[in-house]
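# Residue-level structure breakdown
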Amino acid sequence: MASTCPNCGRILHWYEVKAECKECGVSIPNFNWEARLEEDNVKAEKAFQSFYRTLNLFAYSIWGTKLRIARIIFSFLPAIGFILPWAAVKSDAQSVGLDIIGLFTDGKSLIDVLGSFFSDPGLYFTNMAYEGYSGPLTYAMLSILFMLLSAVFIVVAFFLILFTFKKPKTKAMVVFDIISILCAVVSAVMITLSNSACAGTQGFNFGDIPMYNASASVSWGIFVAIALLLVATVFNALVAKAPAKSDETLEEERLARKAVKEEKEHQEAIKKEKARHEAEKKAAEEQAKIVADAKAKLQAREEKKNKKKNK
């Protein structure tokens, strides 16, 4: 119930449950219902327009042009780069590879290292402190950290394509792509520093993994990953630079597609109706033929009987 009467403006209390106003006697729920119905229609129309505008922008942002379709594909491809081997720390005892699932590395994979780290992080920090936070383990762990940060930033860049669809010319994805590339480069630099530190260390513990006569090196996968990241950056930059269609143009195109679809459905309905009429006509003709044949046979039998009687 309204807080005031829409007719006379009298304040309505919460305990007044009757539909009629005590002051003027007007039915509050039915007061000026035609105008309120028109207002509701206007509000509904605005809501639908807003919905279609949002839907148009989302569809246009993802697959509205060939460039945008290519952008969404090449923005997903960098995920492949994080499956490939980025680097490896090898030794006479054990080896550790910076590829997530260990398909390309003999020894411990990145998943194994992360599992070991989260089960006992104190052990890793103790070993890093022992080497003064400037040894092979420290640089290798920093390389892993920047690899993971690179993955996080490229994932953010990908989902920004979906979340920023109302701003088709935003450069936010380009910024996160560049940050992801920088993190990948820093990861490679850290592995190089880890290799330099290995030269002056006969042995150390990679958490709970013993390493003797170790060496660290960058693998081919990191170059593929950086190349894929660069391609994603280029496509995001091209989309941000390309002209974008206005809301009015997108709505006109949607209405045009809708008109084509409705016309196609209308033609299909006409075709089905015509086929139905032809089927009914054919069925009527067949029924008439059956009736005519039956009458002819009946007449023939009658004539045959009459001939026999006449004999």
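Fair warning: this is a prediction, and the values are worked out from it, not measured in the lab.

### Some thoughts on the packing of aromatic side chains
This model, assessed by the stated rule, comprises 12 aromatic pairs. On the numbers, 5.3 Å between centres and 85 degrees between planes, the contact of Phe58 with Phe165 is edge-to-face. Taken together, the positions of Phe58 in helix α1 (residues 33-63) and Phe165 in the loop between α6 (136-163) and α7 (172-199) put the pair 107 residues apart, joining distant regions of the chain. Among the residues examined, Phe58 registers a relative accessible area of 30% and is labelled partly exposed. With a centroid separation of 6.3 Å and an interplanar angle of 25 degrees, the aromatic rings of Phe159 and Phe163 are classed as stacked. In this pair, Phe159 and Phe163 are both assigned in helix α6, 4 residues apart and thus about one turn of the helix distant. Following the ring pairs from residue to residue traces out a cluster consisting of Phe117, Phe118, Tyr124, Phe125 and Phe206. When the ring centre of Tyr52 is taken as reference, the NZ or CZ atom of Arg254 above it lies at 3.7 Å.

### Focus: the sheet that holds strand β5 (residues 215-218)
Where strands meet in a sheet, backbone hydrogen bonds hold them as pairs that are either parallel or antiparallel. Pairing is antiparallel in the open sheet, where 3 strands are placed in the order β2-β1-β5. Either end of the sheet is taken by a strand with one partner, and the two such strands are β2 (95-97) and β5. Neighbour to neighbour, the strand axes of the sheet diverge by 10 degrees on average, direction disregarded. Sheet topology places strand β1 (residues 87-90) next to β5; 4 bridges connect them, and they run antiparallel. Across the sheet, Ala88 pairs through a bridge with Ser217, a residue of β5.

### Focus: the nonpolar core
What tends to happen in soluble globular proteins is that the nonpolar side chains get buried as a cluster. Core analysis: the largest hydrophobic core is formed by 33 residues, its most contacted members being Trp86, Val89, Tyr124, Met141, Phe204 and Phe206. Those elements that place two or more of their residues in this core are β1, α4 (110-119), α5 (121-130), α6, α7, β3 (203-206), β4 (209-212) and α8 (220-241). Here this core takes 7 residues from α6, the largest share from any one element. In this structure Phe206 touches Val89, Val96, Val113, Tyr124, Leu137, Ala140, Met141, Ile144 and Met211, once residues within four positions along its chain are discounted. Of all hydrophobic cores here, the second largest spans 6 residues; its members include Ile62, Ile72, Phe158 and Ile161.

### Concerning the packing of α4 against α6
Packing of α4 against α6 leaves a shortest axis separation of 12 Å and a crossing angle of 110 degrees. Here α4 is positioned roughly perpendicular relative to α6, judged by the angle of their axes. Contacts between α4 and α6 involve Leu110, Val113, Leu114 and Phe117 from the former and Met141, Ile144, Met147 and Leu148 from the latter. A class-by-class count of the residues in the contact of α4 with α6 yields 8 nonpolar, no polar and no charged.

### Some remarks on the pattern of salt bridges
Side-chain pairs of opposite charge can arise whenever the charged atoms involved come near each other. One pass over the structure, following the stated rule, counts 4 salt bridges. Here Glu253 and Lys245 are joined by a salt bridge, their closest N and O atoms 2.8 Å apart. Residue classification places Glu253 among the partly exposed residues on the basis of a relative accessible area of 28%. Between Glu273 and Arg276 there is a salt bridge, and its shortest N-O distance comes to 2.4 Å. Of this pair, Glu273 and Arg276 both sit in helix α9 (residues 247-310), separated by 3 residues, roughly a single helical turn. On the accessibility criterion, Glu273 (34% relative accessible area) is partly exposed. The exposure class assigned to Arg276 is partly exposed, which follows from its relative accessible area of 38%. Among the charged side chains, a network of salt bridges with common partners joins Glu273, Arg276 and Glu280.

Criteria and cut-off values
Residues numbered from 1 in each chain as written. Predicted model: local features only at pLDDT ≥ 70, side-chain atom pairs only at ≥ 80, totals over all residues. Heavy atoms only, no water. Phe/Tyr/Trp six-rings, centres within 6.5 Å; stacked < 30°, edge-to-face > 60°. Helix = DSSP H or I, 4+ residues; strand = E, 2+ residues; numbered from the N terminus. Buried < 20%, exposed > 50% of the residue type's maximum accessible area, 1.4 Å probe, protein only. Lys NZ or Arg CZ within 6 Å of the ring centre and 35° of its normal. Pairing = 2+ DSSP bridges. Axes fitted to C-alpha atoms, helices over the stretch in contact; angles between N-to-C directions. Core = buried A, V, L, I, M, F, W, Y, C linked by side-chain atoms within 4.5 Å. Contact = heavy atoms within 4.5 Å. Parallel < 35°, antiparallel > 145°, perpendicular 65-115°, else oblique. Nonpolar A, V, L, I, M, F, W, Y, C, P; charged D, E, K, R; others polar. Salt bridge = Lys/Arg side-chain N within 4 Å of Asp/Glu carboxyl O.

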